[in-house]
Amino acid sequence: MTQRATFCPTVQQVVFSLKTFSAAMLAYYIALRFDLPRPFWAVVTVYVVAHPLTGVTTSKAHYRLIGTIIGGIATVILVPLLVTSPILLTLAIGCWIGLCLFFSLLDSTPRSYVFMLAGYTLAITGFMLTATPEDSFLYAVSRVEEIGLGLVCSAVINRVVFPLPAGDVVLRQINAWMTDATRLTMDSLDVHSNAQNTLKDRQKLAADVRELGQFISHLSYDTSKLSNLADLVRLLQWRMTRLLPSLSTLHDRMMALQSDQGCLSKELEELIGQVVNWIKWTGETTALQSDVSTTRQLRQAIATIEQQHGQENWCDLLTLNLCQHLRLLIKSWSDCSSLHKAIIGNEQQMRFKWQRSARLLNRARHQHRDYGMAFLSAITVVISTSVATLFWIASGWQDGAGVAMLAAIFCCLFATLDDPVPLIRRFALFTAVSIAIAACYQVAIFPRIDGFMSLSAALGLSLIPAGLLVAMPAFSVIGAIVSVNIPMALNLQNHLNADFATFANMNIATLIGFAIAGVTTAIVRSIGAETSARRLLMNSWHDLEKLATTRRLELIRPFSQRQMDRLALMVPRLAVLPPDSSLAASDFFRDLRMGLNMIELHKHKKRLSPDLQRSIDEILMCLATHYQSKRRQGHTSPEEEDRLVRQLDQTLAESFSVLSTRSRIVQALIGLRRGLDALPPTCSKTPTEEVYS
């Protein structure tokens, strides 16, 4: 039975709410003192960027300011130029917002906030200036001033008054990941572990790696010591990405050897036990020299077992392949452990060593990009803006500009969701609650206000509890809606406006904007979790098809990072799929392993004889056909599968006469064959005979 969340704030959450409210009132006071035209924007901005972590607040403030400036420049250029043609102006605003949203959705880092702000800043300013285009420059400048004021007040208060560094959260995430990875490694090397549970654990760790990547962008703005170690954390994230496929491969090889009686030798079991004990030990010690000595001994033990398995039967080949991946696991885990100690400790020499590697690492993240959904979301914004504008023109309603503005904003805010409609409904509900609270202020409280202090005290009655909700993960969405919408609904100005008709018109426009955004989104771009998961799978197969047919060497990092990014995106969708869904058992790690093995063939085939190169090319063409069929039909024909398996067997047989069984080409071919889940081949024990029937 699901336990319901309870409202029980901690002292830290109370402090956050009081800090945020103080920053909002400071921004409002300064805006009043300098007679800014729309001071409520300064208050709203404080709550928009509010976050318990100092680094996140500062980062959001930085990106929001840049986006607002870009949007202001677009306002100054487009509005005076096209104001005489309302249709062109509407299309220009819609297209600009759609274009900015398109680029925002292609960038899954916090930097995407810049594009989104640049888009709907034009919606906020452009529709309000249709009657007075000559004020475009002043309006844009004042908005930048008001937004900037709110951002500065929020950042300063958060950094000065009881700051809560994001670095502490990142360290907890790293420590938890290393602990979970230790447990997963032990399960992956245990033939009696539950394969389905192990797969879910790998998926969870992949999602955690992606979440860690989201925080790295905030570290440079943080007040902790990690602000200077963002490069090391990014490098650790990359090493984590490399570790997970190795664990997946090891588990697969262990299960394959266990399925054949007698293939998993006692010596190999003892070696695996030593590796597991070493991994557990590295989490408990800081002795770098002892770690180096132990890893050297483990590598020597692996080499000894490899020398004992030189015959070309399938059992020996799997054992050699397992040994190779044990060696990779030791390397990846040693790197992760060393980086972890360099980040959390004070070993300057170790940090210097890794910082050199971090500088060589390309900082560009190779993310999964869904161009189709980004384009569809952009089209949705254009349609929603056009419909709202037509409603405004047809009704002749003076406050109809607010409908067009808010419809565009709401389409942007929810564009990252598969099906935004339920959340739009929830937002609309709590926005209506916020409007009701604002109406109470308008009717019962504001007529009795006689100064700034009494106004602040009155606003604190609602904004401080709303700030508490923002700080509590279970209620953060509700808190964000209420804390942002109350100041907006009140339209706080230099002088309190008691005109209820103006208040009602403005807030009715907000609800109509929600309705238009919700209906347009539901018709044009809402998709379910299963459809979204299937798109991720199709994109993965498309990447593998391209990888098989490429004529230039693809780097491992772009492919593996994109695949891990897709896997992290897949995890929450798999969690809500029905058990009978065909996607519930999808193993992205298998596709990742297949891709990495294809890369190995591309990297090393030029060193082979022409005949063997042609065989490798034939395998790659068969793999391209294999994934093309899966992408178009959802499956491959038995004939295609048999042809690919026969080609792999034939190429393996040819390679034994010229290559060592430990060569990268042979190991990649073994990996590809295991990835197809084909039956083990019939092998002889001499490389000179025809080894595959």
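Just so you know, these numbers come straight off a predicted model, no measurement behind them.

## Digging into the packing of aromatic side chains
Argument step 1. Taken as a whole and judged by the stated rule, the model has 11 aromatic pairs.
Argument step 2. Ring centres of Phe102 and Tyr371 lie 6.4 Å apart, and the angle between their planes is 45 degrees; on these two criteria the pair is classed as tilted. Of this pair, Phe102 sits in helix α4 (residues 86-106) while Tyr371 sits in helix α14 (residues 371-395), and the two are 269 residues apart along the sequence.
Argument step 3. When the ring of Phe391 is compared with that of Trp397, the centres are 6.4 Å apart and the planes differ by 90 degrees; the resulting orientation is edge-to-face.
Argument step 4. Taking the relative accessible area as the measure of exposure, Trp397 reaches 17% and is therefore buried.
Argument step 5. For Arg202, the ring lying beneath its charged end belongs to Phe589, and the centroid distance is 5.3 Å.

## Overview of the pattern of salt bridges
Side-chain pairs of opposite charge can arise where the charged atoms are in close proximity.
Argument step 1. Going through the model one piece at a time under the given rule, you end up with 22 salt bridges.
Argument step 2. Asp107 is paired through a salt bridge with Arg111; the nearest N and O atoms lie 2.8 Å apart.
Argument step 3. With its nearest N and O atoms 3.4 Å apart, the salt bridge here joins Asp335 to Lys331. Taken as a pair, Asp335 and Lys331 lie in helix α12 (residues 314-344) at a separation of 4 residues, close to a single helical turn.
Argument step 4. The buried category is assigned to Asp335, whose relative accessible area is 6%.
Argument step 5. A residue is classified by how much of its surface remains accessible, and Lys331, at 42% relative accessible area, is partly exposed.

## Describing helix α24 (residues 638-655)
Argument step 1. Between its terminal C-alpha atoms α24 stretches 26 Å, which fits the 26 Å expected from 18 residues at 1.5 Å a residue.
Argument step 2. For α24, the set of buried residues is Leu644, Val645, Gln647, Leu648, Asp649, Thr651, Leu652, Ala653 and Ser655.

## Quick word on the side chain of Thr389
Argument step 1. Turning to its location among the elements, Thr389 is positioned in helix α14.
Argument step 2. Sequence-distant contacts of Thr389, defined by excluding residues within four places in its chain, comprise Thr90, Phe127 and Ala404.

## What to know about the packing of α4 against helix α5 (residues 112-126)
Argument step 1. For the pair α4 and α5, interaxial distance at closest approach is 7 Å and the crossing angle is 165 degrees. By the angle class used here, α4 and α5 are roughly antiparallel. Along this stretch, α4 crosses α5, giving a crossing that reads as left-handed. Contacts between α4 and α5 involve Ile93, Trp96, Ile97, Cys100, Leu101, Phe103 and Ser104 from the former and Ser112, Phe115, Met116, Ala118, Gly119, Leu122, Ala123 and Gly126 from the latter.
Argument step 2. In the contact of α4 with α5, the residues fall into 11 nonpolar, 4 polar and no charged.

Cut-offs used in this document
- Residues numbered from 1 in each chain as written.
- Predicted model: local features only at pLDDT ≥ 70, side-chain atom pairs only at ≥ 80, totals over all residues.
- Heavy atoms only, no water.
- Phe/Tyr/Trp six-rings, centres within 6.5 Å; stacked < 30°, edge-to-face > 60°.
- Helix = DSSP H or I, 4+ residues; strand = E, 2+ residues; numbered from the N terminus.
- Buried < 20%, exposed > 50% of the residue type's maximum accessible area, 1.4 Å probe, protein only.
- Lys NZ or Arg CZ within 6 Å of the ring centre and 35° of its normal.
- Salt bridge = Lys/Arg side-chain N within 4 Å of Asp/Glu carboxyl O.
- Expected span 1.5 Å × (residues − 1).
- Contact = heavy atoms within 4.5 Å.
- Axes fitted to C-alpha atoms, helices over the stretch in contact; angles between N-to-C directions.
- Parallel < 35°, antiparallel > 145°, perpendicular 65-115°, else oblique.
- Left-handed = near helix turned anticlockwise from the far one by under 90°.
- Nonpolar A, V, L, I, M, F, W, Y, C, P; charged D, E, K, R; others polar.

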